[in-house]
Amino acid sequence: MKALTVQNGVFELADLPAPKPGRGQVVLEVLRCGICGSDLHARHHADQLADDAALVGVLSMMRADHKVVMGHEFIGEIAEYGKGTRKRWKPGTRVVAMPIRRNEGLAHPTGFSELAPGAYAEQVVAEESMCFTVPNGLSTEEAALTEPMAVGWHAVRRSGVGKGDTAIVIGCGPIGLAVIGMLKAKGVRHIVASDFSPARRALAEKMGAHVVVHPGETSPYDDLEDRGHLVSGEALFDLGISAMSLMRRSPLPWEPMFRAAELAGQVDAKSAVIFECVGVPGMIDNIIAAAPLRSRVIVVGVCMDFDKFRPSLAINKEIDIRFVLGYLPIEFRDTLHMLADGKVDVRPLITGTVGLGGVDAAFTALGSPERHAKILIDPKQVGGTDV
Ligand SMILES: [Zn+2]
C-alpha cells in the first residue's frame, strides 16, 4: 500500500506491506485523514514530545529518527477482520476509530508511534472495539472531523460550563474553533472568541461565537462587569458587607439563611469559563490577569515550553485552572452523532483536500491562518493538491 512516512522531519512516499490485523483488530481502507496541529509539531519536535510522553508512561512515542506513518484523525471502510473480532459490520461499512491500538502486548497512540502506523496511508489498523459506524447521511468529509471535534467536546464537558455562563475562547485555530462549535451545540448563550486573524474570526462566527474580537483592538473581557461578573476585590468586599447587613437585620438567625443561599448557588460569583487554545508561554498568566474573580481557566492549547504565572494573582481571584486532553469513548461517539444530527456544522472548517503527494505542501499551507483551518488527506487522490 502507498503510505507517507516521516523521518527526521522529511516526508517520503513509500510502498509498504499491507497491514495485518492483530487480535481484536480491523484493517480499514482509509477514506480521509485530517492533518492535525500535533502532526505539524511532531514532525519537527518529536523528541520533545517523546520525552514528555515517557514521563506519563507512554514509551513508544515517535522520536525524530524513527520512520513513522502519521495520521490519527481518520475515517475508513472495514476491509479485513483479525482473529477474536465480533465482525460486527459488513466489509465496506464506514467507521471512525479512536486512535489507540495494541501491538506487541502494549497499547500505543496511532499515528505517533512506529508500533502503531497512522492513516497517512491507504490502510490503517484499528481496534474493533474502538470503531464507531458513521450514521447514514453524514458525509465522509464531515465524519473525518470527529476526532478533533471530540477534543473540543471533552474540553467543554470537563469545563463544567453552564448554558448561562460566559464562555471565552482565546485563540481560534482548529481546536479553538472545535471548542466554540461544541459550546454552541451545548447551548451556551454567550460565547466570546478572540483571535488576531480575520479569517479565523470569520470562522469563529460561523461556528457559533456571539461576540468575536481582535485582541489587539478590543479586550475579550470588556463587557464582563456589565454582564454581572465580579471584577474587583473592592466590589466583592462591598457585596459581602451588604449581604451580611441585610441578613443580620432580619429577626431570623443569619446562619441558616447564609447556608441556604450557598446551597442555592447565590454566594458564588457568576463564573466566566475561559478556554486557553493558543499554547504559548505567557498565555495562562495573561488570562489570570484579565479574568474576573472566581473564573475557571481550561487549558486546551499545548505549550511545550516552561511557563510562568503569578500564583498570588490566581489566589486573589480564586481562579480554577484545569488541563484537558483527549476524550472518552462515549464523548467520541456522541461527537460523531452530534455531527450527524446537525448540532454542529463542521463544513466551514474544511478548507482543502490533498493526496499523499500533497501533504508536504499542506503542512506549509497550514502555517498560514488566513487560508486554512483543516486540510484532509484523500490517500486515493493521485498526487494532487488544491491547497
Ligand atoms: Zn489531532
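Here the residue numbers are simple positions, counted from 1 along each chain's written sequence. Only residues with pLDDT of 70 or above have their local features reported here, since the model is predicted, and side-chain atom pairs are shown and tallied only from 80 upward, although totals for entire chains, interfaces and linings are computed over all residues. Values shown for side chains rest on all heavy atoms present in the structure; no hydrogens or waters enter the calculation.

**Examining the pairing of strand β16 (residues 350–354)**
So, step 1. Strands pair, by our definition, only if DSSP identifies at least two bridges between them. Secondary structure elements follow DSSP: runs of H or I no shorter than four residues count as helices, runs of E no shorter than two count as strands, and numbering proceeds from the N terminus. In the sheet, β16 pairs with strand β17 (residues 374–377) via four bridges, with the strands oriented parallel. Paired with T353 across the two strands is L376, which belongs to β17.
So, step 2. At this point the chain moves from β16, through helix α11 (residues 359–365), to the parallel β17, and the crossover so formed is right-handed. Look down the strands so they point away from you; if the path from the first strand over the helix to the second goes clockwise, the crossover is right-handed.

**Description of the coordination of the zinc ion**
A four-donor tetrahedral metal ideally has 109.5 degree angles, and a six-donor octahedral metal ideally has angles of 90 or 180 degrees.
So, step 1. A 2.8 Å cut-off from the metal defines N, O and S donors, relaxed to 3.2 Å for Na, K and Ca; water is not in the atom list, so some sites may appear incomplete. Ligation of the zinc ion by protein atoms is provided by C36 (SG), H72 (NE2) and E73 (OE), these donors lying 2.1 to 2.6 Å from the ion.
So, step 2. All donors of the zinc ion come from a single chain, and their spacing in sequence reads C-x35-H-E. Across the pair, E73 and H72 agree in class, each one buried. Only protein chains enter the area calculation, which uses a 1.4 Å probe; residues under 20% of their type maximum are buried, those over 50% are exposed, and those in between are partly exposed.

**Things to note about the domain arrangement of the protein**
So, step 1. Under the domain assignment, the protein is made up of domain 1 (2–145 + 346–377), domain 2 (150–230 + 269–323) and domain 3 (233–263).
So, step 2. Centre-to-centre separation of domain 2 and domain 3, based on C-alpha positions: 31 Å. Residue ranges assigned to the domains are those given by an automatic or database domain assignment.

**Looking at the pattern of salt bridges**
So, step 1. Criterion for a salt bridge: a side-chain nitrogen of Lys or Arg within 4 Å of a carboxyl oxygen of Asp or Glu. One pass over the structure, following the stated rule, counts 16 salt bridges.
So, step 2. A salt bridge links R32 to E141; the nearest nitrogen and oxygen atoms lie 2.8 Å apart. With R32 in strand β3 (residues 25–34) and E141 in helix α2 (residues 140–143), the pair connects residues that are 109 residues apart, well separated along the chain.
So, step 3. For R32, a relative accessible area of 15% corresponds to the buried category.
So, step 4. The salt bridge partner of D360 is R43, with a shortest N-O separation of 3.1 Å. Here D360 is found in helix α11, whereas its partner R43 is found in helix α1 (residues 37–55), with 317 residues between them in sequence.
So, step 5. Among the residues examined, D360 registers a relative accessible area of 36% and is labelled partly exposed.

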